[in-house]
Structures are given as C-alpha cells and as structure tokens.
Amino acid sequence: MSKHDRPADMSGLYPAAVRQSIAKLDPRILWRNPVMFVTAVVAGMTTVLGLRDLLAGMPGAGTSLHIAAWLWLCVLFANFAEALAEGRGKARADTLRATKSETRVRVLGAADDDPATGSETLSTALRTGQFVHVAAGENIPADGEAVRGVASVNESAITGESAPVIREAGGDRSSVTGGTTVVSDWLVIRVTAEPGKSFLDRMIALVEGAERQKTPNEIALNILLVGLTLIFLLVVVTLPAFASYAGTTIPVIVLGALFVTLIPTTIGGLLSAIGIAGMDRLVKANVIAKSGRAVEAAGDVDTLLLDKTGTITFGNRMADALIPAPGVDSHRLAEAAALASLADETPEGKSIVDKAREVLGGVPAMPPRAEAVAFTAQTRLSGLNLADGRSFRKGAADAVIRLTGKIPPQALAREVDAIARSGGTPLLVADGTDILGAVHLKDIVKPGVRERFAELRAMGIRTVMITGDNPLTAAAIAAEAGVDDFLAEATPEMKLDLIRREQAGGRLVAMCGDGSNDAPALAQADVGVAMNAGTPAAKEAANLIDLDSDPTKLIEVVLVGKQLLISRGALTTFSIANDVAKYFAILPAIFVAAYPGLGALNIMGLASPTSAILSAVVFNALILVALVPLALRGVAYRPASAAALLRRNLLVYGLGGLIMPFVGIKAIDAALVALNLA
Amino acid sequence: MTLMSYLLYLAALVGLAWLLAVWMARVYGGALPSALLRAEAALLRLSGAVPARGMAWGAYALAVLAFNATCFVVLYLLLRAQGALPLNPDAIGGLAPDLAFNTAVSFVTNTNWQAYSGEAQLSYLSQMAGLTVQNFVSAGTGMAVAVAVIRGFVAARGTTLGNFWVDLTRSVLWILLPLSVVLALFLAWQGVPQTLQGAVVATGVEGQEQVIARGPAAAQIAIKQLGTNGGGFFGVNSAHPYENPTIASNMAQSLSILLIPVAFCFLFGRMAGDRRQGWAILAAMAVMFVAGLAVVHVCEVAGNPALGAGANMEGKEQRFGAMLSALWAASTTAASNGSVNAMHDSFMPLSGFVMLVFMQIGEVIFGGVGAGLYGMLLYVALAVFLAGLMVGRTPEYLGRKIEGREVTLAVLAFLSMPLGILVGGAVAATVPQALAAVQEPGPHGMSEILYAYASATGNNGSAFGGYGAALPWHTTALGIIMLLGRYAIIIPMLAIAGSMIRKPQAPVTSGTFPTHGPLFVTLLVLTVVILGALTFFPVLALGPVAEETARLAGQSF
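What you see is a predicted model; the values in this text were computed from it and never measured.

## Quick notes on the overall build of chain B
For step 1, the next point in the chain: Assigned secondary structure in chain B consists of 19 helices and four strands.
For step 2, the next point in the chain: Taken over the C-alpha trace, chain B has a radius of gyration of 23 Å; the compact-globule value for 557 residues is 24 Å, and the two agree within 12%.
For step 3, the next point in the chain: If one aligns the C-alpha atoms of chain B with their principal axes, the spans along those axes are about 75 × 60 × 50 Å.
For step 4, the next point in the chain: Pairs at least 24 residues apart make up 78% of the contacts formed inside chain B by residues separated by at least 6 positions.
For step 5, the next point in the chain: Summed over its atoms, the accessible surface of chain B is roughly 17900 Å², and 69% of this surface lies on carbon and sulfur atoms.
For step 6, the next point in the chain: Positive and negative side-chain charges in chain B, numbering 23 and 21 respectively, have mean positions lying 21 Å apart.

Pasting the structure below:
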C-alpha cells in the first residue's frame, strides 16, 4: 500500500501553521470555537489589567502578565492544532490543483462527429452536455462519461495509482474524471460537470477543509462544552459574593485564571483538529468523504454488506486439489492436468498449473509442435494435442465422459459429487480416453479475511456476503470466510430490500458498489462507498468514494470512523477529569487568607498561592499542546468489544486524566520555584 | 452491631422496593384487576380526561403545568383564607401573602420547605385539605413524570409518552394511597395522634400549664415520608414525639423515605426489559449513599472533642441517638424528603458537607419519588454522552442515540442547579435583607445559606434550623427557586423523553456501550461527583470544609 503513504513533508507545515495560529486570533474566526473565544476574552482582560497594574506600579503586575501570557498561549496552541490539521489537507490540495490547468480542447457537435470537424475552445469554457474528443497524450478536461471509444487512462493524479485503467463507452467503466490523462487511443466524452464543480474541485475543497461543516456529534459535543463553560461561569461570577461573606476578596485575574482552567479548554481547543485529522486519515486511505456525517456514521455501522468477489475471495476460481481416480498415480494426474492447462491463459488454467507444480516440484515445458485446443461453449473442453499423437483434455464432467465414452470409477464419481455439493466446480482430466482424476476448482477465500471478520464480530458488526452465486456455493464460501450471513443470487432489488430490512431493525448499514444498478442501494445505505471506477450514478448516490476502487476499503472506513469518535471521547473524558486537580491547586490558594485551615486542601504541597495559580494555568496550556500529536494521529485503536474498549480507555483517559494533572501541576510548580518565576 | 443494623435496613429496603416495583410495573402498564380499572375509569370520566389518548411530550408537560398551577392557586387561597374557614378549632388566622406563596409553592413542588410552624400557623383544614392533598398529588406528579420519561427511553418507537391524568391517578390511587393507609395505621398504633380535636391543655409535673398540640397527624406523616414530601405536621418534624414516638416508628419512617425512590430503579429495569439497567442505576445511587452515610455516621458517633467525649448529641433526640439520626439525615437529604428527626444545623461540619452534596447534585441519590430517577437519567445521558464516544460509536443509551437536541436539553436542565444554589446563595450572602437570616457568623453561616438554597433547588425541604428562612426575602426567593428546581428539570426531561421515543432503537451487540455492570456504575458515580459536586466545591470549601479544618485547628463558630 505504498502509494497511500504520501510522506507529506510535515516540517514544511510548521511555519505556515504558526502564522495561521496568529491569523486565527481574529475574533470573527475565533468566535466559531466558543470555548477558545472565551479563553481569549479572559486572556485579553488579564492583559489589560496586568498592564494597568504595571503602569500604576502596583505589585503583582508581573504575575498578572505572566498568567496572561500563558492564557494567550493556550489559545494559540489550539489555533496551532487546527492550522496544522488543515495544513496537511492543504498540501494535498495544492498537488491536486497543479493538475488543473487551462487547455485547448476539441468540442464536437455530436457524439459521432468526425474529430476533424470539431471546434477548439478553452477547457474552462466547457458546459454540461458538450461532447469533447480527447486523444492520446491529452488531459481529460472535465468530468464526464465516455460515449465513444476505448482508451487507457492514467488516473494517478487522483488515485495515486500509476498503472493506467481502461475507460470505455457503455458499461460500468464509462466514468472519467477531469485532470486525468489519456495514455493510448481516444475517447469522446460527454461533459457531466460544470467548471468549478468537478470532482477534482470538490476533492480540493474537501481536503482543504474549506467546505468542512461540523458533524452532528461534533455539534452536540460543542453544545455540551458551551454548557459546561456556562456552568463554570456561574461558579466563578458568584464566587466573589461568597468570598466577601467570608471576609476576603479574590482578584479578578485569579478568578479569570480559575475560570479558564475549569472550562474544558483541552477538548475545546482540539475538537476541530480531531475532526479535520479524521477526514485526513480517510484521504490518506484514498477515500473521499462527501460529508463528515458519513465518517461519523461509519463508526456506528452495525451491518456491513460485502461483495464476495474481490473482497472476500480473489474473484477467480482456483485449483484447490487434484484427486486421482483409483489406481492412478498422483504424479501422472498432475502431469496430465498441467499439460491440459499449459496453453490455458485463464486464471483457472494457471492455477491448475500452479497446483501441479506443487505436486511435481516443477512442470513440463510446452512440448514442441504441440497444438492447443481452446475452450468452446460447444465442447466445454480445453487441452493440448502433442506431436506424438497423445492428447490431454480437461473439462466439465459430462463433457469429458462424452469425449472418452467411459464412465468414471464409482469412487471418483463420488468425489465429483462431493465437490459440486461443497460449492466448488469439479473438472475431469483425461489422457486420451483414460479418465485420470478430478480437479477441484473453488473460490479461494483471501488469507486473513476470516480473522478480520472475527474482529468485526467482536466489535459488534455483522457481515453479510453479497454474491451472484447459487445458495449452495454461497453457503460454502460464507462458512469458509466466517461471514455472519449471505445473500445468494443477489439482484440490486434484493440488496435494497436487505438494507431496508436491516434498517427497520434499527441497524446502520454500510455497503460498497460500482454499477449503476447499485445506485439505489448505495443511496439507501447509511454509509455507501462507491468505487471511483464506477458509474457516475453510483458515485452520485454514495457518500464516500474510494479512489482505489478497492472493495475491502469499506472495513478501513469503519475503523477510521471509530477511531475519530474514540479520539474525541477520550480527550473529552481526559479534559473533564483534569478539573479535579485544578480545584485542589487553585482553591486553597485563593481561600487560605480567609481560612488558614483550608491550606489542608493544598494536597500537592504547592509552594505559594501565586505559584499554585500559575502552575494550573501553565499546565492547562501545556497539556493542550502536548495532546496535539494525539489529536492529529488519533487514539490508538485495536478492534475489540465495546466493554473492553471502554475499560481500557476509561482507565487510560479517565483515571489518567484524574491523576496526571496532580503530577504535572506539582512538577510545574517545582520548576517555577526553581526558576524563580513565582 | 451497628453495621448489622445498617445492612438489615438496606436489605429490608431493597427487598420491599423490589416487591413494590413488581406492583408498580403492573399499575403503570394497566395490568390491574378489572374492578380497579373500572373505578379508575369512572374517576377519570368525572374529571373529563380522555384516558385513551396518549400525549406527546409537549402535551404531557402542559398537563403537568396546568395541574400544578391549579393546585398552587387553590392551596394559596386556602392558606390565605383559613381563618374564615371551618375545621379551625384553635382559631388560627390566615398566612401572610409571602408565606402563603412560599408554602403553596413548597407543597406543590414536593419540596415541603416549611417557613411556618404547622401546629401554630395552620388550621386542620389547611393541613388536611391543603397540605396532605398536595403531599399526594405532588408526589403523584413526580411519579407520573418519571414514568413518562422512562417510557421515552425504553418504549417502542412512537410519539407519545402516555397520559398524564392516567399516570397521576394510578400513582395516587394504587400506589401512594394503599401504602399510606398501611403506614398511617402502623404509626397510629405506635402512638401518633390522628384526631380532629384541638390542642390539649394540661398541667405538667412542674405545675406549669402547657398547650399540647395534636391533630390529624398520622395520615399526613405517612404520606410525607412515602411521597418524599417531608413537611411535618409539627414544626420540629419527626423529632417531635407525636410525629415519631418509638424506635419502630422511626425505622418504619426511615424505610418509607427511600422505599418508592428505590422501587423506581427496579421499575426502570422492568420497563426497559433489562433488569440490569435498573440495578446499575440503583448501584450507583447506593454507592454514593453508603459513602455519605458512612461519613455522617463516623462524624456523629465520634462527636466533637471540643465539647467533651462521646457522640455529638446536640440537637438530637436521646430516644434515637447518633446512629438513627445519622441514618435519617443521610436518607432524608439523599431522597429529597426533607423530614428530620434531629436538627441538621447541629450536625458535625462534614456531616453537613455530605448533606449539602446530596442536595446539590440535584437529589439524584434515590431522590424524590420519580424525581430522583429522572434526575439520575439526566446524569446517565451526560455520562453516556461524555464517555460513550470512547467505544467508537456515537453515544447511545438503551439503543437510542444521544444527539444535539438531547444534549442541549440536558445542559438546560443541569443549569438549574448552579443557578438556584450559586446565584440564589450569592445574593443571599450579600443582600442585607437576606443576610439577617444567618444565625452564626463565619463558615457555618455560609453552610446555613447554602443549605437553604440547595434544599429549595433540590426540592428537599429540610433546613439548617438556625437560618431565619421566614424573612420575606427568603420566602419569596426560595419560592421562586423551588419552582426553578422543579420545572426547569421536569420540562427538559420530558422534552428529552419525547425526542428519544421518536428514535429507532439499535439492537444490542458487542459493539454497544455497556450501560450495566461495575464499569458503568463507576462511570456514572464519577460523572455525578465531577459534574455535580465539583461545581459546588468552591462554595463548599468556604462553608463546611472551612468549618471542619478550623474545628481541627481548635476553632469553632
């Protein structure tokens, strides 16, 4: 998967991110993040008060400005996290933008006009419905559908895959994307997207985060954070009244510091970075999400509909075993099977040769002057006639019986039946008129899928295999791959029905598809992944597009969605658990003058009230920047049951969030004292 | 021995509540004997309600508000006019407007904050037709709302939460009334008066003439405990020998304070079709209750060395001693009951701390009848939302997603606690008209203020006796805050239920966030402590914590 690891040069991103984090101090931008906006307001207020004290020559001005500096840093760190997350997308957007260039294109009056009669125009002037002729070596100027011709197209600009793909008029491979290049032959394309609204444009906007809208869960979390901020505002504004009753006053700057340390700045500052980074992880996996909502929904998926071909099996039947007839040496059968398949270029034929090689330790070379006998629908046999007159054949059982005029021995006939019953395809191998044995052809389940499905099951996700095979074959493969259920002889209508049935039971369904007939099901599914090679209809109906056209990507998408949600939850829990320690740092500091006994609450043994308040503020800012890498990378995630995940994450981020600030604040306090800063 | 008594108490409580929940599930499910159903239908027809019609959350909330507003108006007029009304053998005059407002709000909101002294200021008619009736219907309101909220979380997808009039009628007729009759008879047997004759004038052994108040007490006391009302017949509440004459009456009342709130946990599990869900909520409540009770017990039994050896017996009945007083204090503040059998003002500072925390977190440790459960569901929603993401799914509870709308409403409901306690308390700590109420200076006075405003916001009703809550400032402010503490939670919770019931229920898989078992109980407890208690940590530090640390340093207030 090397093409996924575009090693974006991270070091180049930092200066830009630093510049951005200052630009993001603009209140109009900051306002979108209420927690950080409030922090900035408090920071501004503290600065003003600190400067006032400085000019008036009051004591404590230094400490006030020190606190103010750390409050500003807290805001800047949050901006930096967001800018860094956006920067990674921007880098990718720039490479995409480079493929967009204005070129001259040949427009035809109708699809079957002679290219020579076409008129030239600028690619940016193209409109939907126009026909364009694109020859080898030329860029495809706009999204469209091939209406004439066959060509190989290099789509590496979009997918990163350097091997060209075939695009042809009609069928499921007719969709072409602007910005890709025709490598050989030519195509006539009907333009389907207005300029500025092409797939490439949409992709640039998405990876740049320009079109980023908050996802439902992110909005809900934001509301909660605002609510908590409001509650702590009530706590802090009522405190002077209670303090005055106790005969003490609390400086406004200290109240501000208490307020900022209590409100959930950690998660508030990192929330949007987590979201952007989650989308970025998808982009890295070469999946384009048309909305953030789909990524969140991916984490919630209960049922995965997986196409058998390509996802669960290799897609071609392969030789699984060679079964000799009674009295026949297995070497003789292997040799005959190999010879019968040497001229057979199909994957099945090659797999038989490979199987024979396993038995023989090598395969015979193509004998000189041998004559290949190709498979036809009439004979349903293929093989080789040697120059010495011998002939080798393999084929369907009844065809071989007709050819040889012999009935296979009873033991072999039983084997053939058993293969058919297990969902495989039996072939018989004949040397002249002797039936030597059978070849068991079957769909080979990809290595590792069984374990993958077991993981999914542990995560509570049901897998359903979709196949056009008959129920017998489907059941055999389903059992072997370990899927929970299968849909055999599936039609698009049956898929749609299945999705509706699952959804009626309250389940969220994800599927992938490519053909036009998949479009309704893709639209109905909660998470629909369309193959980039698929038809425009399928891509329109889906909410995610896989640029690699790899159906196994569906599983990856689910994991990315889950990781996004876990990162968000872990940092929220951590942020809120942090408050306990902050209370124990600041409260004794502000009340010890009124009630010396409250010094007992200073369980961390912080040096002085000033250093205690400062340590809490410094910790608050440092923990934010320390968690930026975690927010961008995402919390480590291993598939497991919800109970196991909860136990682990609650321990790490809940308990860790309770304990860590005690250690951190104490350490900062010690450092401040050592540096004579407080 | 002490431990055994506590364990016995808890075992009896859980056993009785479990049985009661079986009955309650039948009552609210309408699986009653046909004779009862006919009686109920006749009564509902009389009131003009259409029982078959389910109510969407808005209609349900409107019915709750309309009913309670009517109750308020009737009770207010009754209290004002009691002097001119019958059943007033001791010729007591009407209440002042602010006190009548405070008392009417207090009983309609199931708070039973008593700024008056019952035997001196209320006629028998006010006690029976006014307060006792409200004891039933305000408790019934809380129970009905809780049942509607439970339906919102657990019932099949739909739009309606049930019918308020039916739920209210069933709560009163088939749950509160029968239990009250049993308890009242038991209390009368133990010596609690139940008479319509006026006070007795007697000459005591010291030769002085005394007026001994009595009246129809047993009936009111039974419902005051069962309905977590707490408003006693007499001013000193269950410390009065006529309200609580014996150890047996004391234990029966202690049990009945928590009986229905605990039964609601079991009812929740039953209605959810997964009893573990009810056990989990009960376990979270029990963990916090036992922890608090342990603190109160240790503090009270150890007493204050500054006052000499032995348990802290100031303000306690010799008959009950430190232990039974500790149990009562913990139960009554946990359950938003508010009745007392000892003077909380005289408890040790840390005991006061526990009682304050129990009320400040919103009366969710068992809590008021019904109110405790829907209050706890608020914390459940927040806990699930905060930590639920950590399993890699958008948060869901019992298969239903918790989204922006629910979070907004939960935050709104949650805001009422700091608003009532902190804003109300801050004003009371600064405005001179309000400050006059404080009996002791220093941190204990702070505790008195906090206690009054926490009690009103949590609809508890108990008080630190030294606090002069009868001042017009407080009768009015506390009255408004009682309304806030009741309806600013009921309405958003019903709205959450109304929103939840419209959502599809995802089936439980191994990917589902587990909302039962020790892990979830721990999470829920931590959420209550961190979100609920920490909000009040600064003011607690200035009140009971400062008092305790000063006491340890040999200083007293």
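Moving on, there is more to tell.
## Considerations on the domain arrangement of chain A
For step 1, the next point in the chain: Along its sequence, chain A is carved into domain 1 (12–91 + 206–283 + 559–675), domain 2 (104–140 + 143–192), domain 3 (296–312 + 446–547) and domain 4 (317–444).
For step 2, the next point in the chain: Once you take the C-alpha centre of each, domain 1 of chain A and domain 2 of chain A turn out to be 53 Å apart.

## Re the sheet that holds strand S20 (residues 509–513) of chain A
Residue and element names in this part refer to chain A.
For step 1, the next point in the chain: The seven strands lie next to each other as S10-S22-S21-S20-S11-S18-S19, forming an open sheet whose pairing is mixed. Edge positions in the sheet fall to strand S10 (287–289) and strand S19 (485–487), since each of these pairs with one other strand and no more. Going across the sheet, the axis of each strand differs from the next one's by a mean of 20°, ignoring polarity.
For step 2, the next point in the chain: In the sheet, S10 pairs with strand S22 (residues 544–546) via three bridges, with the strands oriented antiparallel. Counterpart to alanine 289 in the pairing with S22 is leucine 544.
For step 3, the next point in the chain: Across the sheet, helix H18 (residues 492–504) is in contact with strand S11 (303–307), strand S18 (462–466), S19 and S20; its angle to S20 comes to roughly 165°.

## Section: the packing of aromatic side chains
For step 1, the next point in the chain: Applying the stated criterion across every chain yields a total of 20 aromatic pairs over all chains.
For step 2, the next point in the chain: Judged by centre distance (6.2 Å) and plane angle (85°), the ring pair of phenylalanine 513 of chain B and phenylalanine 520 of chain B falls under edge-to-face. Judged on exposure class, the residue phenylalanine 513 of chain B and its partner phenylalanine 520 of chain B are both buried.
For step 3, the next point in the chain: An aromatic cluster is present here, built from Tyr583, Phe584 and Phe662 of chain A together with Phe537 of chain B joined pairwise through their rings.
For step 4, the next point in the chain: Lying over the aromatic face of tryptophan 18 of chain B, arginine 270 of chain B brings its terminal NZ or CZ to 5.1 Å of the ring centre.
For step 5, the next point in the chain: One residue, lysine 316 of chain B, lies across the ring of phenylalanine 347 of chain B, its end atom 4.1 Å from the ring centre.

## A closer look at the UniProt feature "binding site: ATP" (unreviewed entry) in chain A
All names here are of chain A.
For step 1, the next point in the chain: Mapped onto the present numbering, the UniProt feature "binding site: ATP" (unreviewed entry) falls at Asp344, Glu348, Phe375, Thr376, Ala377, Gln378, Thr379, Arg380, Leu381, Ser382 and Lys394.
For step 2, the next point in the chain: With respect to the helices and strands, the residue phenylalanine 375 is situated in the loop between strand S13 (371–373) and strand S14 (381–385).
For step 3, the next point in the chain: Judged by its relative accessible area of 7%, serine 382 falls in the buried class.
For step 4, the next point in the chain: If near-sequence neighbours (up to four positions away) are discounted, serine 382 is found in contact with Ala340, Asp344, Val373, Ala374, Phe375, Phe392, Arg393 and Lys394.

## A look at the pattern of salt bridges
Residues and elements named next belong to chain A.
For step 1, the next point in the chain: Throughout the structure, instances matching the rule amount to 41 salt bridges over all chains.
For step 2, the next point in the chain: Linking lysine 406 and aspartate 434 is a salt bridge whose minimum nitrogen-to-oxygen distance equals 2.9 Å. One end of the pair, lysine 406, is in the loop between helix H14 (397–404) and helix H15 (410–421); the other, aspartate 434, is in strand S17 (residues 434–445), and 28 residues separate them in sequence.
For step 3, the next point in the chain: Judged by its relative accessible area of 35%, lysine 406 falls in the partly exposed class.
For step 4, the next point in the chain: Looking at aspartate 434, the relative accessible area reads 31%, which means it is partly exposed.

## Concerning the interface of chain A and chain B
For step 1, the next point in the chain: Tallying the contact residues gives 62 residues for chain A and 62 residues for chain B.
For step 2, the next point in the chain: Here chain A meets chain B over a buried area of about 5000 Å², counting both sides, of which 79% is carbon and sulfur.
For step 3, the next point in the chain: Summed over the shared surface of chain A and chain B, the number is two salt bridges.
For step 4, the next point in the chain: Between aspartate 302 of chain A and arginine 393 of chain B there is a salt bridge, and its shortest N-O distance comes to 3.1 Å.
For step 5, the next point in the chain: Linking chain A with chain B are 14 residue pairs in polar contact (both at pLDDT 80 or more), by the criterion used here.
For step 6, the next point in the chain: Every element with two or more residues in the side of chain A that touches chain B is listed here: helix H7 (216–245), helix H10 (292–300), helix H16 (449–458), helix H21 (553–577), helix H22 (579–591) and helix H25 (642–674) of chain A.
For step 7, the next point in the chain: Broken down by class, the residue content of the side of chain A that touches chain B amounts to 39 nonpolar, 14 polar and nine charged.

## Points about the environment of valine 359 of chain A
Residues and elements named next belong to chain A.
For step 1, the next point in the chain: Of note, valine 359 is situated in helix H13 (residues 347–360).
For step 2, the next point in the chain: Overall, valine 359 belongs to the partly exposed group, its relative accessible area being 33%.
For step 3, the next point in the chain: In this structure, valine 359 is in contact with Leu322, Ser330, His331 and Ala334, ignoring residues within four places of it in sequence.

## Some points on the pairing of strand S3 (residues 131–134) of chain A
Residues and elements named next belong to chain A.
For step 1, the next point in the chain: Of the two faces of S3, the one lined by Phe131 and His133 and the one lined by Val132 and Val134 are each fully buried.
For step 2, the next point in the chain: In the sheet, strand S1 (residues 104–108) pairs with S3 via three bridges, with the strands oriented antiparallel. Its bridge partner being in S3, valine 107 is matched across the sheet by valine 132.
For step 3, the next point in the chain: With four bridges joining them, S3 and strand S9 (residues 187–191) adopt antiparallel strand pairing. Paired with valine 132 across the strands is isoleucine 189, a residue of S9.

## Considerations on a nonpolar patch on the surface
Residues and elements named next belong to chain A.
For step 1, the next point in the chain: Together, Leu651, Val652, Leu655, Ile659 and Val663 make up an exposed nonpolar region whose accessible area comes to about 450 Å².
For step 2, the next point in the chain: Mapped onto the elements, leucine 655 comes out in helix H25.
For step 3, the next point in the chain: For leucine 655, a relative accessible area of 41% gives the class partly exposed.

## Considerations on the confidence of the model for chain B
Caution applies to low-pLDDT regions: their predicted coordinates should not be interpreted in detail.
For step 1, the next point in the chain: For chain B, per-residue confidence averages 89 on the pLDDT scale, and 99% of positions sit at 70 or higher.
For step 2, the next point in the chain: Predicted complex, confidence summary: ipTM 0.92, pTM 0.87.

## A closer look at the sheet that holds S9 of chain A
For step 1, the next point in the chain: Strand order in the open sheet formed by six strands is S2-S1-S3-S9-S4-S7 (chain A), and the pairing between neighbours is antiparallel. Of all the strands in the sheet, just strand S2 (119–122) and strand S7 (175–176) of chain A have a single pairing partner and so form its edges.

## Overview of the packing of helix H12 (residues 349–360) of chain B against helix H19 (residues 537–552) of chain B
All names here are of chain B.
For step 1, the next point in the chain: Packing of H12 against H19 leaves a shortest axis separation of 9 Å and a crossing angle of 165°. Relative to H19, the element H12 is oriented roughly antiparallel. In this structure, the crossing between H12 and H19 has a hand that is left-handed. For the pair formed by H12 and H19, the contact residues are Pro349, Leu350, Phe353, Leu356, Val357 and Gln360 on the first element and Leu540, Pro544, Val545, Glu547, Glu548 and Arg551 on the second.
For step 2, the next point in the chain: Residue composition of the contact of H12 with H19, by class: eight nonpolar, one polar and three charged.

Definitions and cut-offs
- Residues numbered from 1 in each chain as written.
- Chains lettered and ligands numbered in written order.
- Predicted model: local features only at pLDDT ≥ 70, side-chain atom pairs only at ≥ 80, totals over all residues.
- Heavy atoms only, no water.
- Helix = DSSP H or I, 4+ residues; strand = E, 2+ residues; numbered from the N terminus.
- Rg over C-alpha atoms; globule rule 2.2 N^0.38 Å.
- Contact = heavy atoms within 4.5 Å.
- Areas by Shrake-Rupley, 256 points an atom, 1.4 Å probe, with all protein chains shown as cover.
- Lys, Arg positive; Asp, Glu negative; His and termini not counted.
- Charge placed at Lys NZ, Arg CZ, Asp CG, Glu CD.
- Domains from an automatic or database assignment.
- Pairing = 2+ DSSP bridges.
- Axes fitted to C-alpha atoms, helices over the stretch in contact; angles between N-to-C directions.
- Phe/Tyr/Trp six-rings, centres within 6.5 Å; stacked < 30°, edge-to-face > 60°.
- Buried < 20%, exposed > 50% of the residue type's maximum accessible area, 1.4 Å probe, protein only.
- Lys NZ or Arg CZ within 6 Å of the ring centre and 35° of its normal.
- UniProt positions renumbered as here; feature names shortened; annotations may be inferred.
- Salt bridge = Lys/Arg side-chain N within 4 Å of Asp/Glu carboxyl O.
- Buried area = accessible area lost by both parts, 1.4 Å probe.
- Polar contact = N/O pair within 3.5 Å; in protein donor to acceptor, adjacent residues only side chain to side chain.
- Nonpolar A, V, L, I, M, F, W, Y, C, P; charged D, E, K, R; others polar.
- Patch = residues over 30% accessible without salt bridge, like charges linked within 9 Å, V, L, I, M, F, W, Y side chains within 5 Å.
- pLDDT = per-residue confidence, 0-100.
- Parallel < 35°, antiparallel > 145°, perpendicular 65-115°, else oblique.
- Left-handed = near helix turned anticlockwise from the far one by under 90°.

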